[in-house]
Amino acid sequence: MDKSSWRLIHLHRIKGVSRKLIWKMLKKDPYLEELYHLSITELVLQYQISLDKATWIKNELQNTSLKKEIYRDAQTYTIITIYHQQYPPSLRCIPDPPLVLYLHGNPSLLKYDPILSVVGTRQPSKYARNVMQKLLIPLARENWLICSGLALGIDGIAHEIAIMEQSPTIAVIGCGLNHIYPKEHVKLFNRISEVGLIVSEYPPNQSPKRYYFPERNRIISGLSFGTLVIEAKQKSGSLITVEQALEQGREVLAVPGSLMNIASEGCHQLIQDGAKLVYSAVDILNEWESSKERWQMLISNDEKIM
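Residues numbered from 1 in each chain as written. Predicted model: local features only at pLDDT ≥ 70, side-chain atom pairs only at ≥ 80, totals over all residues. Heavy atoms only, no water.

**A look at the overall build of the protein**
Argument step 1. On a plain count of helices and strands, the protein comes out with 13 helices and nine strands.
Argument step 2. Whereas a compact globule of 306 residues would reach a radius of gyration of roughly 19 Å, the protein reaches 20 Å, a difference of no more than 12%.
Argument step 3. When its C-alpha atoms are laid out on the principal axes, the protein stretches across 60 × 35 × 35 Å.
Argument step 4. Here the protein, with 306 residues, has 55% of them falling under the buried criterion.
Argument step 5. Summarising the internal contacts of the protein: among those between residues at least 6 apart in sequence, 72% fall at separations of at least 24.
Argument step 6. Accessible surface, the protein: about 14300 Å² in total, of which carbon and sulfur atoms supply 51%.
Argument step 7. The positive charge centre, built from 35 side chains, and the negative charge centre, built from 31, are 5 Å apart in the protein. (Helix = DSSP H or I, 4+ residues; strand = E, 2+ residues; numbered from the N terminus. Rg over C-alpha atoms; globule rule 2.2 N^0.38 Å. Buried < 20%, exposed > 50% of the residue type's maximum accessible area, 1.4 Å probe, protein only. Contact = heavy atoms within 4.5 Å. Areas by Shrake-Rupley, 256 points an atom, 1.4 Å probe, with all protein chains shown as cover. Lys, Arg positive; Asp, Glu negative; His and termini not counted. Charge placed at Lys NZ, Arg CZ, Asp CG, Glu CD.)

Below is the structure:
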């Protein structure tokens, strides 16, 4: 691991150091070469932080147990930072890209094409399950990569279809890799780590927190050219992913459902607002063909952020 990546991972692991503060530091010192040499007073003055926070950061930068923890994690998992060539160009160009990614499985899948993100309710109807078979199996048989969040419901079914069809899949989780959430997906987690890839921006020992899940949604949408929504209420986590996708300039595709099903209201609103109505796998394939050139231009501009 190069020194810049090590310094970034170390800083990223310090509790209370936000991504906003790290970006502020990177603008002044792109490779964090001065980080360990700054005094507490210099930290306060350069980054306009409190004396208490500067003292905490300075102490944690000298924390040998934290350094040993990072070293142990690097022996167990692949860790990449925004400095790495292995870092996916599709994420490099989004607002607020993750600075550090912890990977369990096949890291090369981060640069796979095409990737489709699939999101939706945790309590899918029989209709939704049938729709997923109709839409995703043909894509899986064309070796598309399905990306989702390992949640119950639509997420889990999407991953299972990909595995069943021996097609690649990526799960982006809202906790560290040493935690499996939800517990119902322990077997699925282990299977994805064998044949696909588990991705987290959180240190391995970090337990799930409610606000981590909306945060990880920007990675789910950011990895793919488009996000497919299957059954989502008007106020749901799935629509947070859609908001992220739109902010990132990604395609949004939605499956219509029953007018009597409250879980379809979000999809119907998306379609009214201009999302691509998906009736069959051909609709998704056509959307990819029409956006492929723009997508490939986007990810080919893989310049370093700093």
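**Section: helix H11 (residues 237-247)**
Argument step 1. Those residues of H11 lying buried are Ser-238, Leu-239, Thr-241, Val-242, Gln-244 and Ala-245.
Argument step 2. Lining the buried residues of H11 we find strand E3 (115-120), helix H10 (212-222), strand E7 (226-230), strand E8 (251-254) and helix H12 (265-272).
Argument step 3. Gly-249 sits one or two positions beyond H11 and adopts a positive phi of about 80 degrees.

**Here we look at the sheet that holds strand E4 (residues 145-148)**
Argument step 1. Spatially, E1-E2-E6-E5-E4-E3-E7-E8-E9 is the arrangement adopted by the nine strands of the open sheet, whose pairing is mixed. Of all strands in the sheet, those bounded by a partner on one side alone are strand E1 (78-81) and strand E9 (276-277).
Argument step 2. Across four bridges, E7 lies against E8 in parallel orientation. The partner of Gly-226 across the bridge, within E8, is Glu-251.
Argument step 3. In this fold H11 packs onto E3, E7 and E8, with an angle of close to 160 degrees to the strand it touches most, E7. (Pairing = 2+ DSSP bridges. Axes fitted to C-alpha atoms, helices over the stretch in contact; angles between N-to-C directions.)

**Considering the UniProt feature "domain: Smf/DprA SLOG" (unreviewed entry) in the protein**
Argument step 1. UniProt annotation of "domain: Smf/DprA SLOG" (unreviewed entry) refers to residues 79-288 when read in the numbering used here.
Argument step 2. Annotated as 38% helix and 18% strand, the span residues 79-288 places its first and last C-alpha atoms 30 Å apart. (UniProt positions renumbered as here; feature names shortened; annotations may be inferred.)

**Considering the pairing of strand E2 (residues 100-105)**
Argument step 1. The pairing of E1 with E2 spans four bridges and is classified as antiparallel. Each bridged residue has a counterpart across the sheet, and for Thr-78 the counterpart in E2 is Leu-103.
Argument step 2. Sheet topology places E2 next to strand E6 (residues 197-200); four bridges connect them, and they run antiparallel. Residue Leu-103 lies in a different strand from E6, and its bridge partner there is Val-199.

**Focus on the state of the cysteines**
Argument step 1. As enumerated under the stated definition, the model contains zero disulfides in all.
Argument step 2. Counting only cysteine sulfurs, Cys-147 is the nearest neighbor of Cys-93, a cysteine outside any disulfide, at a range of 15 Å. (Disulfide = S-S within 2.5 Å.)

**Describing unusual backbone geometry**
Argument step 1. With omega at -10 degrees, the peptide bond leading from Asp-113 into Pro-114 counts as cis.
Argument step 2. With respect to the helices, strands and loops of the structure, Pro-114 is situated in the loop between E2 and E3.
Argument step 3. Looking along the chain, the bond that leaves Tyr-181 and enters Pro-182 is cis, with omega of 0 degrees.
Argument step 4. Tracing the chain through its elements places Pro-182 in the loop between strand E5 (169-172) and helix H9 (186-195).
Argument step 5. Notably, Glu-231 is not glycine yet its phi reads approximately 55 degrees, a positive angle.
Argument step 6. Judged by its relative accessible area of 3%, Glu-231 is buried.

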